[in-house]
Amino acid sequence: MNSIKTLKHIATLALAIIVLANCSSEDTLTSDWIESNTTESNLTLGTLDASNFVWLGASVTAGYQDGGFFKEGQENAYPTIVARQLQQVDPTISYNYPNIVTAMGTGRTAIDLNAALAFLTTGQGSLGDALVPSVGDGVKQNTNSPIHNYSVPGIRTIDMGVAGYGQLNGLFGAFMSGPTATVLGDAVASSPSFFSLWPGGNDLLGYALGGGSVDGYDPTNTGALTDPATFSAALDGALTALTANGSHGIVLNVAPWTLIPYFQAATQLSGGVNLLPAGSIDAPTAAFLNSMAAYGAYNAGLDQVVLAGAITAEEAAMRKITFTADVANPPVITDESLTDLSAMGIASWRQASPGVASLGIPADIFPLTAIFTIGVQQEDGSIPGVSVPLSDQYTLTAAEQGNILSHAAQYNAAITAAVSANDNLHLMDIQPMMADLFGLSPQIAAAIGMGNAGVQEADGVLGFMSGGINLVPLSLTQAELYNSVFSTDFVHLNPRGQALIANEIIKVLNAKYGATIPVVDPLAFEPIYAPF
C-alpha cells in the first residue's frame, strides 16, 4: 500500500486555510464597522442591576481556547468583554475572574504560518512543524476577590451542584471556597444582582468529541450524554438557587456543536467521506481487500444472512465493503445501529456513507483526530479504516448524530421552559447566530432542530455579517479570505468569536432592560493565534 501522506496534507491544508483567512491584511477588508448609536451622554443601564454580575458556564465562558487555559483567553472571554462594556456605562462596576493561570497557563497551541505554507505548497516538513504547542506552567491558587466568573472548563450542568467538584476538576479546585464547595454554591454565596448561565454544552459535547462511543447514561463518565431528566432537574435547581434573592438572569441555550470545524473539517477538505485519498489504495491492495481472505468473506456472509431472512438485501448492500484502486475510498467503520448479526459471526461494519439527503440521512462525521488515524499503520501492523475498521471514537454515524440532536433538543426545551416560567429570566437564543454563521439553509436548520428563530436566520450564505465584515467559522471553499471565529483547537472560539457572543448578550440586555450598553467591534479582537 502506498503511503497515505496525503492525509497529512489535508490536515495542514485546514490549518493553512484558517491561518490565511485570519492573517489577511485588514486593509483589504471593509473597515466600515457600524458603531453603536450610543454616546457618553446617553449611555444607561436602564433597569439592569449589574452591580454584581456573575457568570457561570464551561470552557467558552471561562475563556478556554487554542487547546489551553491561559490569561489572555480569560481577558478575551465574552464575560470579560461584556464587563468592560458595562464599565463604560458605570465605571463602579467591578469584574474579576479567578487569577489561576498565567500568560502560559496550561499551554497553548499556535500555528506557524510559514511551516504550514511550506508543507502545503512543497510537501516539505510535517504537520508537527505547523502546529506548535507550548508547555504551560500549570494552575495556581486564586488570589482575586471577589470573583464574578465562576465558569469552569469541562464542567457539565449536572456537575454544578456536586460537592467537592474541585477535587475532580483542578480548575475549580484552584478557586473553590473550600474542599466540599460546589460551583453553584460559591456563585450563589456571592449574592449576584444579575447572572448569566450557559448550560448544556458539555452535557453532550463529551459524547460528540468521543465519537459517540459511550453508550447509556453514566454521570461519572464525561464521555456519556446526560439524561435529559437529570439535566432538567440540575438546571431547575441551579436557576432556583440563583434567583432565590430576586436576581435576574440571562440563560443561553445549547449550540448545534456538530457543526463546528472539529467535526466538519475532515469531510469538507476531502470533498466528502472518501478520506482515503486517491493513490492510497493500489491495485494489489484493492484486490486483496476485496478477496475472500479479507472483506470478500464478510460480503459473502451478508449474502447468506439475507437468504436466512435476518436482514434485507438493501441493508446487505449498504454494509458491503469494496475498495477501488487508485481512487479515493471511504474508510471502513463500525456502526452499532446496524442489525446485530454477532450471533452469526458477522460484525457491524460498513464503509463511511455520504448519507441520503432526500431521506434526511446525514453523512457520517469524522472528528478532526480521525485525520491522524485513518490509513496510518499502527504498531501491530493494522491500518485503521482499511485493514481494520476505524475505532468508534473517530466516527459519528447518522444514528449517533441523531442521538446528539435529540438530546440537544430536549436540553433546549428544558431551558426554554425554565426561562418561560420565571419573569426574572431571559433567553439568549444562540441558534440564529449559529445558523447565519454556518450558512445553513432553512431546511437544514429545521432538520437539526434550530427552532423558528434559527430557521428564519438561515439564509444559506456562509458567514455572519458584523460591521460590514463577513466572519466565518472556517473558510474552506470561499474565494475571499475571511475571518475565522474558532481557535486553533477547532472547538473553542477565538477572541473574535467571543466578541460575537458578547454582542448578542448585550443586545438582549439592551432590549429587556432599556439599556444602551455599547456593543464591540469584533475586528478589534485578535483572530487565530499565529505569532510566527
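Refer to the structure presented above.
Residues numbered from 1 in each chain as written. Predicted model: local features only at pLDDT ≥ 70, side-chain atom pairs only at ≥ 80, totals over all residues. Heavy atoms only, no water.

Visitor: Sorry, what's going on with the packing of aromatic side chains here?
Guide: The description of an aromatic ring pair rests on the distance of the ring centres and on the angle between the ring planes. The final tally for this structure, using the stated rule, is 16 aromatic pairs. Their ring planes at 80 degrees and their centres at 5.6 Å tell us that Phe194 and Tyr513 sit as a pair that is edge-to-face. You can see Phe194 sitting in strand E4 (residues 194-197) and its partner Tyr513 sitting in helix H20 (residues 495-513), a full 319 residues away along the chain. We classify Phe194 as buried; its relative accessible area is 1%. A relative accessible area of 7% places Tyr513 in the buried class. Taken together, Phe53, Trp55, Tyr78, Phe194, Trp198, Trp257 and Tyr513 form an aromatic cluster joined through their ring pairs. (Phe/Tyr/Trp six-rings, centres within 6.5 Å; stacked < 30°, edge-to-face > 60°. Helix = DSSP H or I, 4+ residues; strand = E, 2+ residues; numbered from the N terminus. Buried < 20%, exposed > 50% of the residue type's maximum accessible area, 1.4 Å probe, protein only.)

Visitor: Help me out: how do you make sense of the side chain of Asp335 in this one?
Guide: Relative to the assigned elements, Asp335 resides in the loop between strand E6 (332-334) and strand E7 (349-351). There is a polar contact of 2.8 Å between the side chain of Asp335 and the side chain of Arg350. In contact with Asp335, not counting residues within four places along its chain, are Ser348, Arg350 and Thr397. (Polar contact = N/O pair within 3.5 Å; in protein donor to acceptor, adjacent residues only side chain to side chain. Contact = heavy atoms within 4.5 Å.)

Visitor: Looking at this model, I keep getting lost on unusual backbone geometry. Mind explaining?
Guide: Backbone phi values are negative for most residues with the exception of glycine, while trans is the configuration of most peptide bonds. Residue Pro146 is reached from Ser145 by a cis peptide bond, and omega for that bond is -5 degrees. Within the fold, Pro146 resides in the loop between strand E3 (131-134) and helix H7 (165-168). One non-glycine residue, Ser191, adopts positive backbone phi at about 55 degrees. Looking at where Ser191 falls in the secondary structure, it is placed in the loop between helix H9 (183-189) and E4. You can call Ser191 partly exposed: its relative accessible area is 46%. Despite not being glycine, Asp326 shows a phi value in the positive range, around 65 degrees. Mapping Asp326 onto the fold places it in the loop between helix H15 (313-319) and E6.

Visitor: Please explain the sheet that holds strand E5 (residues 248-252) as it appears in this structure.
Guide: The pairing of strands in a sheet comes from backbone hydrogen bonds and takes either a parallel or an antiparallel form. Read from one edge of the open sheet, four strands run E1-E4-E5-E8, paired in parallel fashion. What marks the edges here is a single partner per strand, and that holds for strand E1 (53-56) and strand E8 (425-428). Mean inter-strand twist for the sheet, computed between neighbouring axes without regard to direction, equals 15 degrees. Of the pairings in the sheet, the one linking E5 to E8 comprises four bridges and is parallel in character. (Pairing = 2+ DSSP bridges. Axes fitted to C-alpha atoms, helices over the stretch in contact; angles between N-to-C directions.)

Visitor: So what exactly am I meant to see when it comes to H20 here?
Guide: Within an α-helix, residues lying three or four positions from one another point in the same direction, as the helix has 3.6 residues per turn. Between its first and last C-alpha, H20 extends 26 Å over 19 residues, near the 27 Å set by a 1.5 Å rise per residue. Burial of H20 is extensive: 16 of the 19 residues sit out of reach of the surface. At the exit of H20 stands Gly514, carrying a positive phi of roughly 65 degrees. (Expected span 1.5 Å × (residues − 1).)

Visitor: Just checking my understanding: could you explain the sheet that holds strand E11 (residues 483-484) for this structure?
Guide: If you walk across this open sheet you meet the three strands as E9-E10-E11, and the pairing is mixed. Because the sheet does not close on itself, it has two edges, and the strands there are strand E9 (464-466) and E11. Sheet analysis places E9 next to strand E10 (residues 469-472), joined by three bridges and oriented antiparallel. Within E10, the position partnered with Phe464 by the bridge is Leu471.

Visitor: Would you take a moment to explain a nonpolar patch on the surface for this structure?
Guide: On the surface, a cluster of nonpolar side chains totalling about 260 Å² of accessible area is made up of Val356, Leu359 and Ile361. Position of Val356 among the secondary structure elements: in the loop between E7 and helix H16 (398-420). Residue classification places Val356 among the partly exposed positions, given a relative accessible area of 33%. (Patch = residues over 30% accessible without salt bridge, like charges linked within 9 Å, V, L, I, M, F, W, Y side chains within 5 Å. Areas by Shrake-Rupley, 256 points an atom, 1.4 Å probe, with all protein chains shown as cover. Salt bridge = Lys/Arg side-chain N within 4 Å of Asp/Glu carboxyl O.)

Visitor: Which parts of the structure should I look at to understand the pattern of salt bridges?
Guide: Taken as a whole and judged by the stated rule, the model has nine salt bridges. The closest approach of N and O atoms between Glu72 and Arg108, which form a salt bridge, is 3.1 Å. Placement of the pair is Glu72 in helix H3 (residues 71-75) and Arg108 in strand E2 (residues 108-111), with a sequence separation of 36 residues. Notably, a salt bridge pairs Arg84 with Glu75, separated by 3.8 Å at the nearest N-O pair. Overall, Arg84 belongs to the partly exposed group, its relative accessible area being 31%. Here the salt bridges do not stand alone but share partners, grouping Asp66, Glu72 and Arg108 into one network.

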